[in-house]
Amino acid sequence: MSKLVEVQDLVLRFYTYEGVVKALEGVNLHIKEGETLGVVGETGCGKTMTGLSILDITPRPGKIEAGKIFFKTRRGKTIDLLAQKDRILRIIRGKHISMIFQEPGSALNPVYTVENQIGEVLLHHGRKELLERTLAQIKKDGMEKNIYKKMLENPNSRTLKVFVKIPIIGRCKRLKKEVRKEVVNILKEMEIGDPERVAKMYPHELSGGMQQRVVIAMALACNPRLLIADEPTTSLDVTVQAQILDLIRRLKKRFGSSVLYITHDMGVIAELCDRVAVMYAGSVCEIAEVKEIFKNPIHPYSKALLESIPRPGEEFKSIRGMVPNLVNPPSGCRFHPRCSFAMAICEKETPKIEEVKKDHFVACHLARARSPQN
Amino acid sequence: MRSIRSRLKEFKASKQPTMKELKFTISRVKKSPLSIMGLAILLFYVVIAVLAPVLAPPVPPPMGKPDPFMIWKDLNIPPIERLFPRPPDSTHPFGTTEESYDIYYGCIWGTITAFRIGLMVVVLALIIGLVTGCVAGYYGGIIDEVLMRLTDIVIAFPGLILCMALVTALPYQLTINLGFTQFAISLTKLDKVLLALVLVGWPSYTRVIRGDILRVREEDYVEAAKAAGCSDLRVIVKHILPNTIYPIMIMASLDTGAIVLTAAALSFLGIGAPTGYADWGQLIALSRNYIFSNISDPASNWWVWLTPGLFIFTFVLGWNLLGDAFRDVLDPTLRRR
C-alpha cells in the first residue's frame, strides 16, 4: 500500500498575548491508502490541529511555521498541500479530503435544510457531473436544453448561476430534482429511515445521531479519498456511537477511502483502526499497528494510556501530573516530567521518532537505547 | 414550447415548500398583535404614498410649482391674512401654515419624502455597514483596526450635531476625482441631508455586523464550510450572513423611524428640506412660531403642528413595531420555539 498522505515535521504555533503556544512541534505521520489511522491522546495534545492542518484551515492566530504535507492525487502525482494556492486547496477540500466534526449540532448551519447543505457540497464539487446527468434526461430540443448546454460549457459562470435562479424564466428545476435525488440516495446510504422527509428538515429538528449521520453524509457526498473524523462519536450516547462506528466502517469499505480517526477512546481505536498514532503535547510519540500497540506498547506514555483504561474489579490508574502548558513546554522530551522512566538525557534532548521494530515507530530515548540496532 | 399555464403550475409546485414557510410566517405574525399594528400603519402610509397624486393632485402654477413636491400656496387669500395660519376649512382640510402653505398637501406628499429619506438612508448605510462589517469581522487584523477606529471617530460626535455640520459643509456640486477620471454630482438640499445621514449612520451597522460575525466566525459550521471547500466570499454570504442578518434587519427597521425623526429635526432647524418642500419636518418648522404662541390658550393654532406631528409620530411607531415583528418572525433560530 502506498502512502496517501504524509505529514513531515509539521510545526504549528499560535501567537497569543500570553506567548507563543507551540501547539504542534514536529508531527510526523502517514496514512496509507485504504487504511484507518487512529490518533489518540489527551485533550489539548494537538489531535484536532493535526487534522485541521491537513486541510490547511487552522484557526487564527495559528500559523504553520514549518513542515510539509504530501498528498497523492488521483492521477498519482504527489503534491505538497501547504504550498498549494487557495484555489487548488478549495477543490481538494471537500472533494478529496473531507472532515467530520465533533459536535454534529453545531457543524450544521441552522438556517439551511439538510437537503440544502448536502446539495451545496454536491453542487460545489460535482456540478459538471450533475449537469451532464440532467442534460441526458432532456430529450426535446429547446431553450431548456440550450441553457443546460451553456451551463455545461462553463460550469462556474456566475451570470448563468444567477440567471438560473430567476423563477419561471431560468429553468433549473431539473437540476434541483437531480440534486435532491442524489441527496436522498446519500441519506439512504447513511441508514436514515424516510430520507425524503429528513431531507426537508432543519438540523435542529433532528436528533444527535441523525445530525451526525447528516454530517457524515456531507463529508462523504463527493467520495473523498481521505476522511478526517474528529471525535465523531464523543457527544453521542453509547448505542448511537456503536451504530455510527459501524456506519463509518462499512462506508469506508464501500468507498475505499482512508480515514484519519481522532479520538481519546482506546476502545474505539481497537474497534475501528488499522494503525494507531499516539500523540502527546504536540508531537507523535508512537505509531504502530493496533494489535502491536495493545500488546506491546513501548513509549511510557502509551503504556500509561493503556493502563488508565478503567477495568471492572481493578483499581483505576491515572497518569500523574498534568498536560504541560504549551506556551512553556518542558525541555527535551515533553513527557519527561510525568514519565516514571525518565533519564538525564530526556531533559536535554528531544527524541526523534525512529523505527524500533518493523512498522513500529517510537520517539523515546529509552526505546532507542534498548533497540537492537544500537 | 409549453403553455404559460403549465409553466405557472410547475412554478407553483416548485415553490410549495416556500409557500409552506410563508404560511408559517404569517401564522407567527398573527400571533403578535403589535406587529400587525406596525404592518397596518406602514401599509396605510404606503397606500398614501402611492396614491399621493390622486389624494392631493398637484396644483398648477401660479399657486403651485412645476415640481409636485413643492407645497402649493393659496394665493386667493388676501395678502395680509396669508401671513398667519388658517384653521381647516373646505379647501384646506388640515388648514394652512403661515404664508398659506396647504398642510394637507404637505402631509400627503411628505409621506413620499419620509419613505425616500428613511429607506434610502437605511439601505445605503446598511450596504456600507455590511461590506465594512464583514471585512472587519471576518479578516480582522489591521483592516479591522483601521475600520473600527474610523467608526469610533464618527460615533464620538453627537449624531445630530455631526449631521448639521456635514449638511452645511457639503457642497452642492460634489466633484469626485478618481485619478483616471473625474465626474461631478450635483446635490439638492435634500440629497445633502441624505448623504449626511448615511455618513453618520453607517458605523453603528458596521459595529453590530462585525460583532455578530466575530461570534459566528468561530462556529463549527463555518469551519465545516471551509473544510468543504467554500471560498471566503461564499462562506461569508452563504454561511455567516444568514446567521447574523436578523439583528441588523431589526436595527434597520428601528432606524428607519429614527432617521425620519432626525431628518425632521434637521428640517425644523432650517438646514433640511428647502422652504416649501413637502416634508413633515418642514411643516413643523413652518409652524415654529405658533407652538404655544398664546400663553393663555396654548392649543390655539393646534392644526399647524398637530397633524404633521401625528404623521411623524405614527410613522416612527410603525417602523418600531415592525422591528419587533421582524425579530419574532424572521429569525430562524427563534421562530420555531
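On a predicted model such as this, the values are computed, not experimentally measured, just so you know.

## Some details on the side chain of Glu115 of chain A
Residues and elements named next belong to chain A.
Phase 1: Mapped onto the elements, Glu115 comes out in helix α4 (residues 114-137).
Phase 2: Classification of Glu115 as buried rests on a relative accessible area of 12%.
Phase 3: Those residues in contact with Glu115 that lie beyond four places of it in its chain are Arg180, Val183, Ala199 and Lys200.

## Observations regarding the pattern of salt bridges
In a structure, side chains of opposite charge can pair up when their charged atoms sit close to one another.
Residues and elements named next belong to chain A.
Phase 1: If you walk through the whole model with that rule in mind, you get 28 salt bridges over all chains.
Phase 2: The salt bridge partner of Asp274 is Lys252, with a shortest N-O separation of 3.8 Å. Of this pair, Asp274 sits in the loop between α11 (266-272) and β9 (275-280) while Lys252 sits in helix α10 (residues 238-255); the two residues are 22 residues apart in sequence, bridging distant segments of the chain.
Phase 3: According to the relative accessible area criterion, Asp274 is partly exposed, its value standing at 34%.
Phase 4: Classification of Lys252 as buried rests on a relative accessible area of 17%.
Phase 5: A cluster of three or more residues bridged by salt bridges with shared partners is formed by Arg13, Glu25, Glu65 and Arg334.

## Looking at the sheet that holds strand β5 (residues 78-80) of chain A
Residue and element names in this part refer to chain A.
Phase 1: If you trace the 4 strands from one edge of the open sheet to the other, you get β2-β1-β4-β5, paired in antiparallel fashion. With partners counted over all chains shown, the strands left at the sheet margins are β2 (19-32) and β5, one partner each. Across the sheet, the axes of successive neighbouring strands diverge by a mean angle of 5°, strand direction being ignored.
Phase 2: The pairing of strand β4 (residues 62-72) with β5 spans 3 bridges and is antiparallel. Residue pairing across strands places Lys72 opposite Thr78, the latter belonging to β5.
Phase 3: Packing against the sheet, helix α1 (residues 47-55) makes contact with β1 (3-16), β2 and β4, and its axis sits at approximately 110° to β1.

## Description of the packing of aromatic side chains
Phase 1: On inspection of all chains with the given rule, the structure shows 18 aromatic pairs over all chains.
Phase 2: When the ring of Tyr280 of chain A is compared with that of Tyr301 of chain A, the centres are 4.6 Å apart and the planes differ by 55°; the resulting orientation is tilted. Taken as a pair, Tyr280 of chain A in strand β9 and Tyr301 of chain A in helix α13 (residues 300-307) lie far apart in primary sequence, 21 residues in all.
Phase 3: Judged by relative accessible area, which is 4%, Tyr280 of chain A ranks as buried.
Phase 4: With a centroid separation of 5.8 Å and an interplanar angle of 25°, the aromatic rings of Tyr105 of chain B and Trp109 of chain B are classed as stacked. A residue pair is termed a helical-turn pair when its members lie 3 or 4 positions apart in one helix, as Tyr105 of chain B and Trp109 of chain B do in helix α6 (residues 103-139) at 4 residues. With respect to burial, Tyr105 of chain B and Trp109 of chain B carry one shared label: buried.

## Some words on the interface of chain A and chain B
Phase 1: Counting residues at the interface gives 30 residues for chain A, matched by 31 residues for chain B.
Phase 2: When chain A packs against chain B, the two sides together hide about 2,800 Å² of surface, and 55% of this comes from carbon and sulfur.
Phase 3: Our enumeration of links across chain A and chain B arrives at 1 salt bridge.
Phase 4: We note a salt bridge from Glu120 of chain A to Arg234 of chain B, for which the minimum N-O separation is 2.9 Å.
Phase 5: Our count for the chain A to chain B interface comes out at 10 residue pairs in polar contact (both at pLDDT 80 or more).
Phase 6: When contributions to the side of chain A that touches chain B are tallied by element, the ones reaching two or more residues are α1, α2 (86-95), β6 (97-100), α3 (104-107) and α4 of chain A.
Phase 7: Broken down by element, the side of chain A that touches chain B gets its largest block of residues, 4 residues, from α4 of chain A.
Phase 8: The class makeup of the residues in the side of chain A that touches chain B is 15 nonpolar, 6 polar and 9 charged.

Basis of the calculations
Residues numbered from 1 in each chain as written. Chains lettered and ligands numbered in written order. Predicted model: local features only at pLDDT ≥ 70, side-chain atom pairs only at ≥ 80, totals over all residues. Heavy atoms only, no water. Helix = DSSP H or I, 4+ residues; strand = E, 2+ residues; numbered from the N terminus. Buried < 20%, exposed > 50% of the residue type's maximum accessible area, 1.4 Å probe, protein only. Contact = heavy atoms within 4.5 Å. Salt bridge = Lys/Arg side-chain N within 4 Å of Asp/Glu carboxyl O. Pairing = 2+ DSSP bridges. Axes fitted to C-alpha atoms, helices over the stretch in contact; angles between N-to-C directions. Phe/Tyr/Trp six-rings, centres within 6.5 Å; stacked < 30°, edge-to-face > 60°. Buried area = accessible area lost by both parts, 1.4 Å probe. Polar contact = N/O pair within 3.5 Å; in protein donor to acceptor, adjacent residues only side chain to side chain. Nonpolar A, V, L, I, M, F, W, Y, C, P; charged D, E, K, R; others polar.

So far we have only geometry, and geometry alone does not tell us how the molecule works.
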